[in-house]
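Chain residues, written in single-letter form:
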Amino acid sequence: MRQFILDTLLPYKLNPETCARDKTGCSYKMDDGRRCAVGKWLKDEYTSYHGSISKLLEDYKTTLNEVLVKEAVIQDIPLEVWKKMQLYHDKIELRTSCINLVVSNLENLTGFKFPELYF
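This section reports on the structure supplied with the text. (Residues numbered from 1 in each chain as written. Predicted model: local features only at pLDDT ≥ 70, side-chain atom pairs only at ≥ 80, totals over all residues. Heavy atoms only, no water.)

### A word on the side chain of Thr-110
Right, so step 1: Structurally, Thr-110 is set in helix 6 (residues 99–110).
Right, so step 2: Of note is the side chain of Thr-110, whose polar atom sits 2.9 Å from the backbone oxygen of Leu-106. (Helix = DSSP H or I, 4+ residues; strand = E, 2+ residues; numbered from the N terminus. Polar contact = N/O pair within 3.5 Å; in protein donor to acceptor, adjacent residues only side chain to side chain.)

### Considerations on the pattern of salt bridges
Right, so step 1: Scanning the entire structure with this criterion turns up 6 salt bridges.
Right, so step 2: With a shortest N-O distance of 2.8 Å, Glu-116 and Arg-2 are connected by a salt bridge. Within this pair, whereas Glu-116 is found in the segment after helix 6, its partner Arg-2 is found in helix 1 (residues 2–14), the two being separated by 114 residues in sequence.
Right, so step 3: Residue class for Arg-2 comes out partly exposed when judged on its relative accessible area of 21%.
Right, so step 4: Note that Lys-55 is salt-bridged to Glu-58, the shortest N-O span being 3.8 Å. Taken together, the positions of Lys-55 and Glu-58, both in helix 2 (residues 53–59) and 3 residues apart, correspond to about one turn of that helix.
Right, so step 5: Given a relative accessible area of 38%, Lys-55 falls into the partly exposed group.
Right, so step 6: Using a relative accessible area of 53% as the deciding quantity, one classes Glu-58 as exposed.
Right, so step 7: The network of salt bridges with shared partners includes Lys-55, Glu-58 and Asp-59. (Salt bridge = Lys/Arg side-chain N within 4 Å of Asp/Glu carboxyl O. Buried < 20%, exposed > 50% of the residue type's maximum accessible area, 1.4 Å probe, protein only.)

### Digging into unusual backbone geometry
Right, so step 1: The backbone of Lys-61 sits at a positive phi, close to 50°, despite the residue not being glycine.
Right, so step 2: Looking at the secondary structure, you find Lys-61 in the loop between helix 2 and helix 3 (64–67).
Right, so step 3: For Lys-61, a relative accessible area of 75% translates into the label exposed.
Right, so step 4: In this structure, Asp-76 takes a positive phi of about 55° despite not being glycine.

### Notes on the packing of helix 5 (residues 79–94) against helix 6
Right, so step 1: At a closest axis distance of 9 Å, the pairing of helix 5 and helix 6 adopts a crossing angle of 165°. Between helix 5 and helix 6, the interaxial angle falls into the category roughly antiparallel. As helix 5 runs across helix 6, the sense of the crossing is left-handed. Of the residues in helix 6, those touching helix 5 at Glu-80, Val-81, Lys-84, Met-85, Leu-87, Tyr-88, Lys-91 and Ile-92 are Ile-99, Val-102, Val-103, Asn-105, Leu-106, Leu-109 and Thr-110. (Axes fitted to C-alpha atoms, helices over the stretch in contact; angles between N-to-C directions. Parallel < 35°, antiparallel > 145°, perpendicular 65-115°, else oblique. Left-handed = near helix turned anticlockwise from the far one by under 90°. Contact = heavy atoms within 4.5 Å.)

### Describing the nonpolar core
Proteins that are soluble and globular tend to have nonpolar side chains buried together.
Right, so step 1: In this structure, Leu-9, Leu-42, Ile-53, Leu-56, Trp-82 and Met-85 are the most contacted members of the largest nonpolar core, which totals 35 residues.
Right, so step 2: Residue assignment for this core shows that the elements contributing at least two residues are helix 1, helix 2, helix 3, helix 5 and helix 6. (Core = buried A, V, L, I, M, F, W, Y, C linked by side-chain atoms within 4.5 Å.)

### Focus: the environment of Ser-48
Right, so step 1: Tracing the sequence through the fold places Ser-48 in the loop between strand 2 (25–26) and helix 2.
Right, so step 2: Each C-alpha atom, one on Ser-48 and one on Ser-27, is 7.6 Å from the other, the two residues being 21 residues apart in sequence.

### Digging into the packing of aromatic side chains
Right, so step 1: Within the structure shown, the criterion is met by 5 aromatic pairs.
Right, so step 2: Ring centres 6.0 Å apart and planes at 65° place the aromatic pair Tyr-49 and Tyr-60 in the edge-to-face group. One end of the pair, Tyr-49, is in the loop between strand 2 and helix 2; the other, Tyr-60, is in the loop between helix 2 and helix 3, and 11 residues separate them in sequence.
Right, so step 3: For Tyr-60, a relative accessible area of 40% gives the class partly exposed.
Right, so step 4: Pairwise contacts between aromatic rings join Phe-4, Trp-41 and Trp-82 into one cluster. (Phe/Tyr/Trp six-rings, centres within 6.5 Å; stacked < 30°, edge-to-face > 60°.)

Keep in mind these numbers describe shape, not what the thing actually does.
This is how it looks when you write it as structure tokens:
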């Protein structure tokens, strides 16, 4: 799980231009192919949805296992961790100062250390 999370998030730190955001806000999948942290792992039929992963699950009356691709499902990542992963993406894109707090929260939730994600 640690490596999966790192592989998902580190590219945004290394190049914030890869974040999936335009004038209207964050998107799971942009027209140019960029995807956010959750959007990278959503099945295509869900990538046009606008809203949080929690809201997506609620609106579609479904579960993470139904909306994520198999590679993500087998990681068995809890919803709260997915939300923090998305928040990391969003904070980088918005260039806010509390990114390290998000990493700390992610470490507390998972029990893993992510020194590579700190700024």
